[in-house]
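Breakdown of the fold
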Amino acid sequence: MSMPKTIPFLPRQAARAAPPLDVHRLRQDFPILLQRVHGKPLVYFDNAATTQKPRAVIDAVRHFYEADNANVHRAVHELSERATEDYEAARVKVQKFIGANCLREIIFTRGTTEAINLVAQSFGRANVRAGDEIVVTALEHHSNIVPWQMLCWEKKAHLRVVPITDSGELILEEYEKLLGPRTKLVAVAHVSNALGTVNPIEQIIDLAHRHGIPVLIDGAQAAPHLRLNVAALDCDFYAFSGHKIYGPTGIGVLYGKARHLELMPPWQGGGDMISSVSFEKTTWNELPYKFEAGTPSIAAAIGLCAALEYLDEVGLDALAAHEERLLAQATARVNDIRGVRIIGTARRKTGVLSFVVDDPPLAALDIGTRLNLEGIAVRTGHHCCQPLMDRFGLPGTVRASFAVYNTVEEVDVFAEALAKIVASGRGKPKVVGLPTTRVEPTYPAAAGASPEEVAAELVEAFDLMDDWNDRYQYLIELGERLPPMPAELKTEATRVKGCQSTVHMFARKKPGTADVLEFLADSDADIVRGELALLQKLFSGQRAQQVLDFDIHSLMQRLGLDSHLSLGRRNGLAEMIQRIRHFAGELAGQAREKP
Ligand code: 7TS
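Residues numbered from 1 in each chain as written. Predicted model: local features only at pLDDT ≥ 70, side-chain atom pairs only at ≥ 80, totals over all residues. Heavy atoms only, no water.

Once that is clear, we can look at the side chain of Arg399. Tracing the chain through its elements places Arg399 in strand β17 (residues 397-401). In terms of polar contacts, Arg399 uses its side chain to reach the backbone carbonyl oxygen of Asn193, at 3.0 Å. With residues near it in sequence (within four places) discarded, Arg399 still touches Phe45, Asp46, Ala48, Ala49, Asn193, Val352, Leu353, Ser354, Val378, Arg379 and His383. (Helix = DSSP H or I, 4+ residues; strand = E, 2+ residues; numbered from the N terminus. Polar contact = N/O pair within 3.5 Å; in protein donor to acceptor, adjacent residues only side chain to side chain. Contact = heavy atoms within 4.5 Å.)

Written as structure tokens, this is what we have:
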């Protein structure tokens, strides 16, 4: 399949002028990077999900707990004074880092998600009425969709969506058309987490302000890569997460213009956010404390402060220039692999390379699983952007996302591993995969006298293999022998929810028997087909009661599948098992009623 190739994105002037970064020295600051995964040096390319932490951050958090831990804003004692001072110093650091006009505009939250929910619940509930509109875009993370949806449902307001081009850029003419007297807020990502597109937020803000509409920027993916100045941007709200910018989890920032925050009602009630409380009347604390109910994430705020100081030392221009090189190199290398299609080819991008493999058709989950065996961490799936994936007609992508500590050599290792995976897929004819053409279903006969007997064989086969590479391969080969499932059986009813890939299972009572279960199954991911084949070997053709009596969880433990599958896949597998057991339960019940 021939696909349009990527348009190279444009390098930025500031970044080009920066002196080069000594990334090999800088990596020494990140203890976690020095490990091996599956025997290979870790290549951590899941930075859009969360970044690793430099020793400076880890030390700051540890020092706080070892030396200064106390609650803030409450007591006169020494430790509380120190904790309060450090917590407030973190606010000062954030203010400077993002160029806010004053400290009252910096609210600590748990992260981007909480920051957006705060604005939706406080600003939104106070300002949005029935028939009003909130404008979001087609490339938003669920965090910048669902809080607005919830608000719209409550207020009978409407969500309007700015469409994007095939390259993943917002269509500004369409955006402009959506703005009007009903629009109460525009909420847009600065950088797309799934595509890497840098949106022209200056223009977006300017156009909205011409209509007097405030703008919230979801900066979760921008803050780690771009120099920010919220005052110059003139955005009304800006949200980001500490953990994506080398800081701890559990801390994030909501910047809001003081004039909005002053008028907004508190969102959560509790300690610290009040000025006085009586049963008759409660008054609110001043900004920013009005929005910080309860004990905040003190240690995490201190860790975030250390992270921002660390970035100052690295130099944001040097960081940007380095990351630009990484993305350019990754884009070029991945583009050179035949059959791979980059998703998101905007002119301005940062941090993220998303792609799918069309030829041979490989599921994102399989690619991620195989890269993991090479020590390479990427994210696969919809990246919490289901509407965006729907826009591209994809269930998901593979996403490599970069940080300051990644190297060009790592990009090469990744590209070579990917090329090998694609080439090995090309060597083999795809057996079934979704979707399927019309075939006569052949339900497999029992693979042994009982599930226990089959399990013993499986254990023996697994024990003969030395490492997980071989075991995965064994599973994948089992999957290749999965009997085809007819397309007409692949319906919504047979779809197994809770899996990262598309999975269908159809179970029935074996004709001519009272209580023998048999089933067909299929998935677009090889590894999942392997899991399905394993379940089919165990259970298809067995009596319902034997299926129910079999201790599948012990077998999964014995095979090591419970610890070697990712949590997402374990959940998927649990759903499949649940399906089979549910059907076996029904069948056994019927058999008991009609002996
Ligand atoms: N907005 C964007 C653009 C994001 O990328 C994310 C997290 C969030 C909001 C939510 O941030 P949180 O810190 O509150 O969870 N994005 C991702 C991701 O791409 N992979 O894992 C999390």
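Neighbouring the ligand are 15 residues; Thr113, Asp218, Ser241, Arg379 and Arg399 lie closest to it. Between Asn193 and the ligand, the recorded distance is 2.8 Å, taken from a side-chain N or O atom to an oxygen atom. The separation between a nitrogen atom of the ligand and a polar side-chain atom of Asp218 is 2.5 Å. Partitioned by chemical class, the residues of the shell around the ligand number three nonpolar, eight polar and four charged. (Near = heavy atom within 4 Å. Nonpolar A, V, L, I, M, F, W, Y, C, P; charged D, E, K, R; others polar.)

So, on to the domain arrangement of the protein. According to the domain assignment, the protein contains domain 1 (51-313), domain 2 (316-426) and domain 3 (451-593). For domain 1 versus domain 2, the distance between C-alpha centres works out to 29 Å. Between domain 1 and domain 2, the buried area comes to about 2600 Å², and carbon and sulfur atoms account for 56% of it. The largest share of the area that domain 1 buries against domain 2 comes from His142, Leu195 and His225, three residues that together contribute 23% of it. Taken together, domain 1 and domain 2 are joined by three salt bridges. A salt bridge links Asp166 to Arg391; the shortest N-O distance between them is 2.7 Å. Inspection of the domain 1/domain 2 interface yields 17 residue pairs in polar contact (both at pLDDT 80 or more). Here the side of domain 1 that touches domain 2 is composed, by residue class, of 13 nonpolar, 12 polar and four charged. (Domains from an automatic or database assignment. Buried area = accessible area lost by both parts, 1.4 Å probe. Salt bridge = Lys/Arg side-chain N within 4 Å of Asp/Glu carboxyl O.)

On to the sheet that holds strand β9 (residues 237-241). With mixed pairing, seven strands are arranged side by side in an open sheet as β4-β10-β9-β8-β7-β5-β6. Where the open sheet ends on each side, the last strands, each with one partner, are β4 (106-109) and β6 (158-162). This sheet shows a mean twist of 20° between the axes of neighbouring strands, independent of strand direction. Both strand β7 (residues 183-189) and strand β8 (residues 215-218) contribute to a ladder of four bridges, which runs parallel. Looking across to β8, one finds that Val186 is bridged to Val215. Contacts from helix α5 (residues 112-127) reach β4, β7, β8, β9 and β10 (252-256) within the one sheet, and its direction differs from that of β9 by about 155°. This element, helix α8 (residues 201-210), spans β7 and β8 of the sheet and lies at about 160° to β8. (Pairing = 2+ DSSP bridges. Axes fitted to C-alpha atoms, helices over the stretch in contact; angles between N-to-C directions.)

What follows deals with the packing of helix α16 (residues 451-464) against helix α18 (residues 526-539). Their axes nearest at 7 Å, the elements α16 and α18 cross at an angle of 135°. The orientation of α16 relative to α18 falls into the category oblique. Seen from α16, the contacting residues are Pro451, Val454, Ala455 and Leu458; seen from α18, they are Leu534, Lys537, Leu538 and Phe539. A per-class count over the contact of α16 with α18 returns seven nonpolar, no polar and one charged. (Parallel < 35°, antiparallel > 145°, perpendicular 65-115°, else oblique.)

Turning our eyes to something else, we now look at the nonpolar core. Side chains that are nonpolar tend, in soluble globular proteins, to be buried together. Among the nonpolar cores identified, the biggest contains 84 residues, and Ile98, Tyr175, Val186, Tyr238 and Tyr246 are the most heavily contacted of them. Split by domain, this core shows at least three residues from each of two domains, domain 1 (51-313) and domain 2 (316-426). Setting aside residues up to four positions removed in sequence, Tyr175 forms contacts with Val135, Val162, Val186, Ile204, Leu207 and Ala208. Membership of the second largest hydrophobic core comes to 47 residues, among which are Ala363, Leu475, Ala533 and Leu561. (Core = buried A, V, L, I, M, F, W, Y, C linked by side-chain atoms within 4.5 Å. Buried < 20%, exposed > 50% of the residue type's maximum accessible area, 1.4 Å probe, protein only.)

Enumeration according to the criterion identifies 32 salt bridges in this entry. Among the salt bridges present, the one from Arg62 reaches Asp59, with a minimum N-O distance of 3.2 Å. In this pair, Arg62 and Asp59 are both assigned in helix α3 (residues 55-68), three residues apart and thus about one turn of the helix distant. Note that Arg333 is salt-bridged to Asp412, the shortest N-O span being 2.9 Å. Residue Arg333 is located in helix α12 (residues 316-335), and its partner Asp412 is located in helix α15 (residues 408-427); the two are separated by 79 residues in the primary sequence. Since its relative accessible area comes to 26%, Arg333 is described here as partly exposed.

Regular strands place their side chains on alternate faces of the sheet. The element strand β5 (residues 133-137) is extensively covered by neighbouring structure, given that five of its five residues are classed as buried. Summarising the sheet, β5 and β6 pair through five bridges and their orientation is parallel. Counted as the bridge partner of Val135 is Arg160 from β6. Across three bridges, the pairing between β5 and β7 is parallel.

Take the environment of Cys152 next. Looking at the secondary structure, you find Cys152 in helix α6 (residues 146-155). Sequence separation between Cys152 and Gly250 is 98 residues, and the spatial gap between their C-alpha atoms is 27 Å. Residues within four places of Cys152 in sequence aside, it is in contact with Ile134, Ala157, His158 and Leu159.

Within α8, burial applies to Ile201, Ile204, Ile205, Leu207 and Ala208. When α8 is viewed along its axis, its buried side chains cluster within an angular range of 165° and face the same direction. Where α8 is buried, its residues contact α7 (172-178), β7, β8 and α9 (230-233). In the segment just after α8, Gly212 is the residue with positive phi, at about 75°. (Arc of directions from axis to C-beta.)

Think of a pair of aromatic rings as described by two things: how far the centres are apart, and how the planes are tilted against each other in angle. In the structure shown here, the tally under the stated rule is 14 aromatic pairs. Among the aromatic residues, ring-to-ring pairing joins Phe30, Tyr246, Tyr310 and Tyr405 into one connected group. Here the guanidinium or amino end of Arg508 rests over the ring plane of Tyr443, the centre of that ring lying 3.8 Å away. (Phe/Tyr/Trp six-rings, centres within 6.5 Å; stacked < 30°, edge-to-face > 60°. Lys NZ or Arg CZ within 6 Å of the ring centre and 35° of its normal.)

This brings us to the packing of α18 against helix α22 (residues 567-593). Closest axis-to-axis distance for the α18/α22 pair is 11 Å, and the angle between their directions is 30°. Accordingly, the angle class assigned to the pair α18 and α22 is roughly parallel. In this structure, α18 meets α22 at a crossing whose hand is right-handed. Along the contact surface, α18 presents Ile527, Val528, Glu531, Leu532, Leu535 and Phe539, while α22 presents Arg569, Leu573, Met576, Ile577 and Ile580. Looking at side-chain class alone, the contact of α18 with α22 contains nine nonpolar, no polar and two charged residues. (Left-handed = near helix turned anticlockwise from the far one by under 90°.)

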